[in-house]
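# Examination of the molecular architecture
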Amino acid sequence: MSSVTQPAVRQRSPWWVVVGAGTANAVGPQMYLATTGLFVLPIVEDTGFSRTTVTGAYSVAAVGMVIGLIIASRLVDRYAARYILVPAFVLFAASMATIGLAPPVEAIYFVPCFFVGFFGGGTTVPATRAVVSWFDNNRALAVGIVTGIIGLGAALGPLLAGALIESVGWRQAYGYLALIAPSSPSPWPPCSCGGAPSGTCAGGSSRRSTSGTATSASSCRA
């Protein structure tokens, strides 16, 4: 009776989940919120909006993000997190780019700002879910590293935005910032069950590695 030998699958380190999740959060809504202040003066000069109107876009985005976080949390509990994060990132980037295309009409200007926050909320929850799904004993360390990467993004984002505004103007600057989000690294390494698609791993038992990561069917569903 012949035995079938399955090829060994090389699994990427789960610590890349931390890098991907931190980067995803750093270039997501955090990028927009951290750079809003730099866009106030050029938008006011170009559109004739008041400073109150331009800074009010921050509040509009925050309201959208609250709604997006609630909806994304419900969806992540039902579906694989990656299926929420990918379209959310694409729509978040499209919304940010649309800000640069908005005409000087206040009501229209607020619409893409709202959706930047709304779809931005859809990028935050799945990335966090990925980290807590892959780590157990070192979960606090993983979350701490993710938070550090977010802080680094908040520090570097305004520098990048300022340079773009000076070189290409505020409208194109939003377009370039929008390109960064969907090009960020994926928070998910290959599935530990032989690279099977999300949610297809058999069995529900968890196998702990010496690094404190949890490799199980639940991690493959993340």
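The structure under discussion appears in the preceding block.
Here's a quick rundown of the structure. (Residues numbered from 1 in each chain as written. Predicted model: local features only at pLDDT ≥ 70, side-chain atom pairs only at ≥ 80, totals over all residues. Heavy atoms only, no water.)

Pairing is possible between side chains of opposite charge, provided their charged atoms come close. Counting across every chain of the model gives 1 salt bridge. In this structure, the salt-bridge partner of arginine 171 is aspartate 46, at a minimum N-O distance of 3.2 Å. Taken together, the positions of arginine 171 in helix 7 (residues 170–180) and aspartate 46 in helix 2 (residues 29–47) put the pair 125 residues apart, joining distant regions of the chain. On the accessibility criterion, arginine 171 (29% relative accessible area) is partly exposed. (Salt bridge = Lys/Arg side-chain N within 4 Å of Asp/Glu carboxyl O. Helix = DSSP H or I, 4+ residues; strand = E, 2+ residues; numbered from the N terminus. Buried < 20%, exposed > 50% of the residue type's maximum accessible area, 1.4 Å probe, protein only.)

Enumeration according to the criterion identifies 10 aromatic pairs in this entry. Between phenylalanine 114 and phenylalanine 118, the ring centres sit 6.2 Å apart and the planes meet at 15°, which makes this aromatic pair stacked. Taken together, the residues phenylalanine 114 and phenylalanine 118, both in helix 5 (residues 106–134) and 4 residues apart, mark about one turn of the helix. Accessibility expressed as a relative area gives 24% for phenylalanine 114, which makes it partly exposed. Taking 5.7 Å as the distance between ring centres and 20° as the angle between the ring planes, the aromatic pair formed by phenylalanine 115 and phenylalanine 119 counts as stacked. (Phe/Tyr/Trp six-rings, centres within 6.5 Å; stacked < 30°, edge-to-face > 60°.)

Counting 42 residues, the largest nonpolar core has Tyr32, Phe39, Ile43, Met96, Ile99, Tyr109 and Tyr174 as its most contacted members. The set of elements that each furnish at least two residues to this core consists of helix 1 (15–26), helix 2, helix 3 (51–78), helix 4 (81–99), helix 5, helix 6 (139–168) and helix 7. Ranked by the residues each element gives to this core, the list is headed by helix 5, at 8 residues. Look past the residues within four positions of phenylalanine 39 in its chain and what remains in contact with it is Val54, Ala161, Ile165, Trp170, Ala173, Tyr174 and Leu177. Of all hydrophobic cores here, the second largest spans 5 residues; its members include Ala72, Val76, Ala81 and Val125. (Core = buried A, V, L, I, M, F, W, Y, C linked by side-chain atoms within 4.5 Å. Contact = heavy atoms within 4.5 Å.)

This part is about the side chain of asparagine 25. Following the sequence through the fold, asparagine 25 ends up in helix 1. On the basis of relative accessible area, asparagine 25 is assigned to the buried category, the value being 7%. Within the structure, asparagine 25 has its side chain in polar contact with the backbone oxygen of alanine 21 (distance 2.8 Å). The contact partners of asparagine 25, leaving out residues within four places of it in the chain, are Gln30, Thr124, Ala127, Val146 and Ile150. (Polar contact = N/O pair within 3.5 Å; in protein donor to acceptor, adjacent residues only side chain to side chain.)

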